[in-house]
Amino acid sequence: MVPLLHAGAARARSLHARTHRLPPVRREAPAVGRMGEVCVRGGWYVQVGAFADRTRVTRLRSQLRRDGLRSCVASRRLRGLEVVFVGPFTRRSAGVRAQMKLRKLLNNNNYLRHVLRP
């Protein structure tokens with residue numbers, strides 16, 4: 001028989017584990033995902049922003065994540081700007097569909113880019 005004090009503590013730990021567990025994230029492509037992740041694969045990408053200020057990069061990537069989209073940043077700064085991409089897509093047609101969806105979602109211009117190796 002478990003003492004009442006230990007049973008309550010075990011139940012509280014179990015409740016804490018259930019309420020604070022995040023749902024599993026489906027990985028569609030290993031090149032994109034968590035904040036701060038760098039694009040490492042070639043393919044079709046939608047460029048959704050280019051910023052000199054790191055906070056604007058973080059804000060855009062957070063918005064994309066909330067909307068269920070995975071993003072990454074270019075492996076190097078281009079002309080002093082940090083470039084934010086959504087992708088990669090294996091086919092151009094999939095990139096075009098994503099580009100149209102992002103244009104409506106973000107209400108801004110974006111660019112479809114084919115990257116051999118970021």
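Refer to the preceding data block for the structure.
No experiment lies behind these values; they were computed from the predicted model shown.

Enquirer: Any details on helix H2 (residues 54-66)? Residues and values, ideally.
Expert: A rise of 1.5 Å per residue sets the reference length of H2, with its 13 residues, at 18 Å; its end C-alpha atoms lie 18 Å apart and thus fit the reference within 8%. Buried within H2 we find Val57, Leu60, Arg61 and Leu64. Down the axis of H2, the smallest arc covering the buried residues is 95°, so these residues share one side. Counted as exposed and oriented over 90 degrees from the buried face of H2: Arg59 and Arg66. Buried-residue contacts for H2 involve strand E1 (43-51), strand E2 (71-73), strand E3 (82-89) and helix H3 (92-106). Just downstream of H2 lies Gly68, where phi reads positive at about 85°.

Enquirer: Which residues make up H3, and what values go with them?
Expert: For an α-helix, the turn length of 3.6 residues means that residues three or four places apart are oriented alike. For H3, which comprises 15 residues, the first-to-last C-alpha distance of 20 Å matches the rise-based estimate of 21 Å (1.5 Å per residue) to within 8%. Within H3, the full set of buried residues consists of Gly95, Ala98, Gln99, Leu102 and Leu106. Along the long axis of H3, the arc covered by the buried residues comes to 110°, so they all point the same way. In H3, the exposed residues that point more than 90 degrees away from the buried face are Arg97 and Lys104. Where H3 is buried, its residues touch E1, H2, E3 and strand E4 (111-115). Immediately beyond the C-terminal end of H3, within one or two residues, lies Asn107, with a positive phi of roughly 55°.

Enquirer: Could you give me a rundown of the sheet that holds E1, with the residues and numbers involved?
Expert: The strand order across the open sheet built from four strands is E2-E3-E1-E4, with neighbouring strands paired in antiparallel fashion. Every interior strand has two partners, whereas the edge strands, E2 and E4, have only one. Each adjacent strand pair in this sheet contributes to an overall mean axis angle of 40°, direction not counted. The strands touched by H2 are E1, E2 and E3; relative to E3, the strand with the most contacts, the crossing angle is about 25°.

Enquirer: I'd love a proper account of the side chain of Glu82, names of residues and values included.
Expert: With respect to the secondary-structure elements, Glu82 resides in strand E3. Within the structure, Glu82 has its side chain in polar contact with the side chain of Arg54 (distance 2.4 Å). Non-local contacts of Glu82, meaning those with residues more than four positions away in its chain, are made with Gly49, Ala50, Phe51, Arg54, Val57, Val73 and Arg77.

Enquirer: Which residues make up the state of the cysteines, and what values do they have?
Expert: On inspection of all chains with the given rule, the structure shows one disulfide. The side chain of Cys39 participates in a disulfide bridge whose partner is Cys72; the two sulfur atoms lie 1.8 Å from each other. Between Cys39 and Cys72, the S-S dihedral sits near 90°, and the bridge is therefore right-handed. One end of the pair, Cys39, is in the loop between helix H1 (4-19) and E1; the other, Cys72, is in strand E2, and 33 residues separate them in sequence. The residues Cys39 and Cys72 share a single accessibility class, namely buried.

Enquirer: Before we move on, could you go through the pairing of E1 and cite the residues and values that matter?
Expert: Counting buried positions along E1 yields eight of nine residues, so the element is predominantly enclosed. Pairing of E1 with E3, which is carried by six bridges, proceeds in the antiparallel orientation. What sits directly across from Phe51, in E3, is Glu82.

About the criteria used
Starting afresh in each chain, residues are numbered from 1 along the sequence in its written order. Local features in this predicted model are restricted to residues of pLDDT 70 or higher, and side-chain atom pairs are both shown and tallied only at a pLDDT of 80 or more, whereas totals for entire chains, interfaces and linings draw on every residue. Side-chain metrics rest on all non-hydrogen atoms present in the structure, leaving aside hydrogens and water. For helices the rule is a DSSP run of H or I covering at least 4 residues; for strands it is a run of E covering at least 2, with both sets numbered from the N terminus onward. Each residue after the first adds 1.5 Å to the expected span of a helix. Relative accessibility under 20% of the residue-type maximum defines a buried residue, over 50% an exposed one, and the middle range a partly exposed one, all with a 1.4 Å probe and only protein chains included. Comment: arc refers to directions from the helix axis out to C-beta atoms. We call two residues in contact whenever any of their non-hydrogen atoms come within 4.5 Å of each other. We treat two strands as partners when DSSP finds at least two bridges between them. Fitted lines through C-alpha atoms give the axes, limited to the stretch in contact for helices. The angle between two N-to-C directions lies from 0 to 180 degrees. Pairs of N or O atoms within 3.5 Å make up the polar contacts considered here, provided that, within protein, one atom can donate a hydrogen while the other can accept it, and that residues adjacent in sequence are counted only when both atoms are side-chain atoms. By disulfide we mean two sulfur atoms from cysteines, separated by a distance within 2.5 Å.

Keep in mind that these numbers describe shape and distance, not what the molecule does.
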